[in-house]
Amino acid sequence: MMKKMSMSTSKTSLVLFLCQIISALDVPLDLSQPPTITQQSPKDYIVDPRENIVIQCEAKGKPPPSFSWTRNGTHFDIDKDAQVTMKPNSGTLVINIMNGGKAEAYEGVYQCTARNERGAAVSNNIVIRPSRSPLWTKEKLEPNHVREGDSLVLHCRPPVGLPPPIIFWMDNAFQRLPQSERVSQGLNGDLYFSNVQPEDTREDYICYARFNHTQTIQQKQPISVKVFSMDSLNDTIAANLSDTDIYGAKPVTERQPVLLTPTGSTSTKVELRGNVLLLECIAAGLPTPVIRWIKEGGELPANRTFFENFKKTLKIIDVSEADSGNYKCIARNALGSVHHVISVTVKAAPYWITAPRNLVLSPGEDGTLICRANGSPKPSISWLANGVPIAIAPEDPSRKVDGDTIIFSHVQERSSAVYQCNASNEYGYLLANAFVNVLAEPPRILTPANKLYQVIADSPALLDCAYFGSPKPEIEWFKGVKGSILRGNEYVFHDNGTLEIPVAQKSNAGTYTCVARNELGKIQNEVQLEIKDPTMIIKQPEYKVIQRYGQVSFECIIKHDSTLLPTVTWLKDNDELPDDERFLVGKDNLTIMNVTDKDDGTYTCIVNTTLDSVSASAVLTVVARPNPPFDLELTGQLERSIDLSWIPGDENNSPITSFVVEFEDALHEPGVWRYQTEVPGTQTMAQLKLSPYVNYSFRVIAVNRIGRSQPSEPSEQYLTKSASPDENPANVQGIGSEPDNLVITWEPLKGFQSNGPGLQYKVSWRQKDVDDEWTSVIVANVSKYIVSGTPTFVPYEVKVQALNDLGYAPEPSEVIGHSGEDLPMVAPGNVQVHVINSTLAKVHWDPVPLKSVRGHLQGYKVYYWKVQSLSRRSRRHIEKKILTFRGNKTFGMLPGLEPYSSYKLNVRVVNGKGEGPASPDKVFKTPEGVPSSPSFLKITNPTLDSLTLEWGSPTHPNGVLTSYTLKFQPINNTHELGPLVEIRIPANESSLILKNLNYSTRYKFYFNAQTSVGSGSQITEEAVTIMDEVQPLYPRIRNVTTAAAETYANISWEYEGPDHANFYVEYGVAGSKEDWKKEIVNGSRSFFVLKGLTPGTAYKVRVGAEGLSGFRSSEDVFETGPAMASRQVDIATQGWFIGLMCAVALLILILLIVCFIRRNKGGKYPVKEKEDAHADPEIQPMKEDDGTFGEYSDAEDHKPLKKGSRTPSDRTVKKEDSDDSLVDYGEGVNGQFNEDGSFIGQYSGKKEKEPAEGNESSEAPSPVNAMNSFV
């Protein structure tokens, strides 16, 4: 919402124009003219009797007038009264009261006359009255004893003062007595009680009268009021009442309205035109009546009607004859109504229609003086000449009186005089002076020469040419010094000489000449006109909605004429901004910090220049969470429902969308508030459902778009009667915890659900499908019951029923449970394995009989482990892996197998208790696969035409190696590759000398291994033959090695060449065509850590040296480790572990010191001679939950490691022990197969130590798992 307001120059110009009309009629003071009264005291002049009396009378004329006064119609000779003086060159009287005079002696009607040789002007009749503030007459005030509910009027009756005093009621502490619809003050000052209440009892009802003229306050004696009722009648009051009064008194009853003022059914009121009409109706009644006003046969005038004193007073301002009529007040309460009609007549003291105006005539001219006035009744018109009734004034043949008009013909200089017009009726009079001045004067222009006028473009331009002359001159306007006379619709010529250009444009700027001429002469004057660009607000403030304590800014960007200096003012609600440092006024904006509710309102930006003013407004609405509801009331109390009503708090400019009702059960959960219901924001009442045996309190929370209000104050408490429970416990279950029991559990009822005292539960059970009777037991304060001696895993029917001291809940529904499970008895049979490829196998088995499961069948677990690699006989720890297949599956997939290896597996059935016996181990073998890349490739001993190649066999041959393949090709200086040469090398070779190569040539080598299945991944390297036999200066980088982890890799290399080389590492995904990524190595070190790598991804890497064109190492390929769901914490780095080890060391040190001291003292210290040999501590790998492999666990427990199988001290983990990836197969946590036999099981692994077989060597287990086992 935005409002724009513009104050144009047209209104200012109109005011200027009217002033010019008046000034054009004024006679310059250097010319002869009759007197004119310029200042006088008011007609009704009330003076302070303690101050000097000043009666004003000022006049002008040529020659200067003399002054005289009359008092009460006779001449007042001021020279004879020493207390009275007249100001010099003035008619103003000063009556000295402060030096002994008394104001009462000068009370009367005064009139001033100003006279010179051309006439006499008179003032109004000025009535002088000193103000009076008399004291209250002493009176004995009896205490007011009033029955509760009755009406009461406390009379003020202030002393008659001049002017009348202002009345108000206060107490002894000078605090105003509170007023309301029930208690209020009337127009006459009396205090009216529509009905009295006990809280009205007090002894200090004091009426005060304030006399503003004398600035004094008079106080009436305190009035005592005592309110009594029959229930609380005390002995003192009873002694003052007769028996009839006592026994006839009735309890407080409601009464229909009765008017206390005005009395009767009708009254009349006369008011004068232009005054304020005040009508009053005050009524008694219980409940307190409400007042309503209407005008019979019409509407109350809009914009002039106001209601005061709680609508008991009707106020109409600036009344006119049209406001006459019948006004009805209606007092109404629940028992009836009463009305009163006030007949209003509006009279009028005389008021002007046409007041006489001064006439300036030249000899021989004609003219008229007109005096027209209206009033009710119509006023009479009388004329005076120089203060004398015209009938007895000297005759003038040039004048003729015609009622309200005097006609002048062929005036001469002797016709100059001052005429008075008097219009009067019974309500007042009007007196006006108007002179006739006969002069013969050539034209004169009163406007200053070369006056500059500046106006805004598209606004009216008013060029002044104030003039005087007699006879009246004619005015002509010209543009420029020699321009033609101005005519046409473009200009407006006013009688006072003003030239108006209604819509001034830039082209209207320039010099204008005004010419005034009459028969006695001619005169001219030039003025200048400049046209300015208008001031505009090009970006206005906009409507803003802001939350309380926020910050808001209003913009006001302006554009203005460069020659005008604008000032920007901000207003709030058309008043100055608050004096608050939170309001920051900038050049183009207003910012309000930490907004509060009182900042809500309309903000106006006003831009003022000397010529125009523009403004723009915007509304700021401050929103906040609503205020809490109040006045909570409970009605309609029933056993199972109640009505709650409330009054909403302030919504804080954001409509309330809903009300949330909460309840507290003081009986069961004191201090805990729970949700009861929610109703729309337009609703202020809710019918609430109740539960028995609850001590309710309610509170209400209001909700709007901003948030929730604070809770309301709690309602009164309401205790419902007890009853039997309505509902039974929920979530009843029967699950055995041991093979021979049944555990029955349920969710107990909450306190308010108990419906009464003595809450208990009847627990019943019987075996299903067996013709048994229900067995029941009644328990209290528990939510579990254990039935012992049951058969293993048989179904039971179970039910739980609530009861209390008043009875049972409805019959509960039955649920099916089972007694406890036991371990399965039978292993799956007919286990078969089908090897699909070198890394995947499918296993089948026959299901076990359901009776042998002895519990809920959860699935089958397949344990499998690698026995040995067929390509090399090495000792290693057994890592058993587990796959879980849910439900009654009879097959599954075994992923992540190693090629060319021997495996064993067995299958076990699983129920809720655990695993059954294992099936006999089944042996299967995986076929060969392609090998991994050779472990390294080194190129040494470069000569002019030969290079020596050395390599290591693949880390994972995955079969029997059949051969190696070497490919190489030359690289020129532009990095172009030459022809590719391929060489097949026997598998038992580990080095090769290449001869017949070109000298000083770079070669790139590609090397891989083969099995009968195919070729493995290759490794690359580059080398250069030398130019001559001298040690080559060409630098080289060789032996690039990588150590990869999950998301990073350590790259190291060897460098031969000049010092201070700057290295860089390039890497990328192996097999990808994307550009190499480059990392700069700080300093000249020969290692670097690549970070942010993707787990389980093969990367290629090479190392280069900056500044050595085209020089870099051969490529190396590495693979990051698989993604781990969580990393095991290295216990050796944990603070608590370090602290524990320090404490142990400290204890050992203390023991050693004690031993040393005792030995030195010669004492005997028994020491065990024989110490047990300590084997390696048992290392039991924990579950390694990496989110990919599934669940890993030991297959066999409590097997100590053999000597020599400790965890390596460097805590490294061999890559080949953890490369299995089941990301596509694992169930349990991640992976699943479909019903076609694909894997849905849970994959886990276990490691155990087995006896050495053949030439196998023992390998260390994972140190991470070892430490986990320690923890």
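Above: the structure in question.
Right, let's walk through the structure included here.

Structural notes on the pairing of strand β25 (residues 290-295)
If a strand is regular, its side chains alternate between the two faces of the sheet.
No. 1: The side-chain alternation of β25 yields one buried face, formed by Ile291, Trp293 and Lys295, and one unburied face, formed by Val290, Arg292 and Ile294.
No. 2: Here β25 pairs with strand β28 (residues 325-333) via six bridges, running antiparallel. Looking across to β28, one finds that Lys295 is bridged to Tyr327.

What to know about the state of the cysteines
Put plainly, a disulfide is one covalent bond tying together the sulfur atoms of two cysteines.
No. 1: This structure, assessed with the given rule, holds six disulfides.
No. 2: The side chain of Cys281 participates in a disulfide bridge whose partner is Cys329; the two sulfur atoms lie 1.8 Å from each other. Its S-S torsion of about -65 degrees marks the bond between Cys281 and Cys329 as left-handed, since a negative value means left-handed. Taken as a pair, Cys281 in the loop between β23 (277-280) and β24 (282-286) and Cys329 in strand β28 lie far apart in primary sequence, 48 residues in all.
No. 3: Take Cys329: its relative accessible area is 1%, and that puts it in the buried class.
No. 4: Note that Cys465 is cross-linked by a disulfide to Cys514, the S-S spacing being 1.8 Å. Its S-S torsion of about -60 degrees marks the bond between Cys465 and Cys514 as left-handed, since a negative value means left-handed.

Notes on the nonpolar core
No. 1: With 28 residues, the main nonpolar core has Ile53, Ile55, Trp69, Ile95 and Tyr110 as its most contacted residues.
No. 2: Contributing elements (two or more residues each) for this core: β4 (53-55), β5 (57-62), β6 (66-71), β9 (93-95), β10 (108-116) and β12 (126-130).
No. 3: The biggest single contributor to this core is β10, with three residues.
No. 4: When residues no more than four places from it in sequence are discounted, the contact partners of Ile95 are Asn52, Ile53, Ile55, Gln83, Val84, Tyr106 and Tyr110.

A few points about the pattern of salt bridges
No. 1: The full count for this structure, using the stated rule, is 36 salt bridges.
No. 2: When the shortest N-O distance is used, the salt bridge between Asp204 and Arg202 registers 2.7 Å.
No. 3: In this structure Asp204 comes out as buried when scored by relative accessible area, which is 12%.
No. 4: Across the salt bridge formed by Asp573 and Lys572, the nearest N and O atoms sit 3.1 Å from each other.
No. 5: Note on Asp573: relative accessible area 41%, which makes it partly exposed.
No. 6: A residue is classified by how much of its surface remains accessible, and Lys572, at 11% relative accessible area, is buried.
No. 7: Because the salt bridges share partners, they merge into one network encompassing Asp171, Arg202 and Asp204.

A few points about the sheet that holds strand β87 (residues 1036-1044)
No. 1: The strand order across the open sheet formed by three strands is β87-β88-β91, and the pairing between neighbours is antiparallel. With partners counted over all chains shown, the strands left at the sheet margins are β87 and β91 (1087-1090), one partner each. For this sheet the average axis-to-axis angle between neighbouring strands, irrespective of direction, equals 20 degrees.

Observations concerning the packing of aromatic side chains
No. 1: All chains considered together, the criterion is met by 24 aromatic pairs.
No. 2: With centroids separated by 5.4 Å and ring planes inclined at 5 degrees, the aromatic side chains of Tyr696 and Phe698 adopt a geometry described as stacked.
No. 3: What makes Tyr696 buried here is its relative accessible area of 2%.
No. 4: Owing to a relative accessible area of 0%, Phe698 belongs among the buried residues under this scheme.

A word on the pairing of strand β26 (residues 305-308)
No. 1: As paired elements, β26 and strand β27 (residues 313-316) share four bridges and run antiparallel to each other. Counterpart to Glu308 in the pairing with β27 is Thr313.
No. 2: What sits between β26 and β27 in their antiparallel hairpin is a turn of four residues, with Asn309 showing a positive phi close to 55 degrees.

Reading the values: the criteria
Residues numbered from 1 in each chain as written. Predicted model: local features only at pLDDT ≥ 70, side-chain atom pairs only at ≥ 80, totals over all residues. Heavy atoms only, no water. Buried < 20%, exposed > 50% of the residue type's maximum accessible area, 1.4 Å probe, protein only. Helix = DSSP H or I, 4+ residues; strand = E, 2+ residues; numbered from the N terminus. Pairing = 2+ DSSP bridges. Disulfide = S-S within 2.5 Å. Core = buried A, V, L, I, M, F, W, Y, C linked by side-chain atoms within 4.5 Å. Contact = heavy atoms within 4.5 Å. Salt bridge = Lys/Arg side-chain N within 4 Å of Asp/Glu carboxyl O. Axes fitted to C-alpha atoms, helices over the stretch in contact; angles between N-to-C directions. Phe/Tyr/Trp six-rings, centres within 6.5 Å; stacked < 30°, edge-to-face > 60°.

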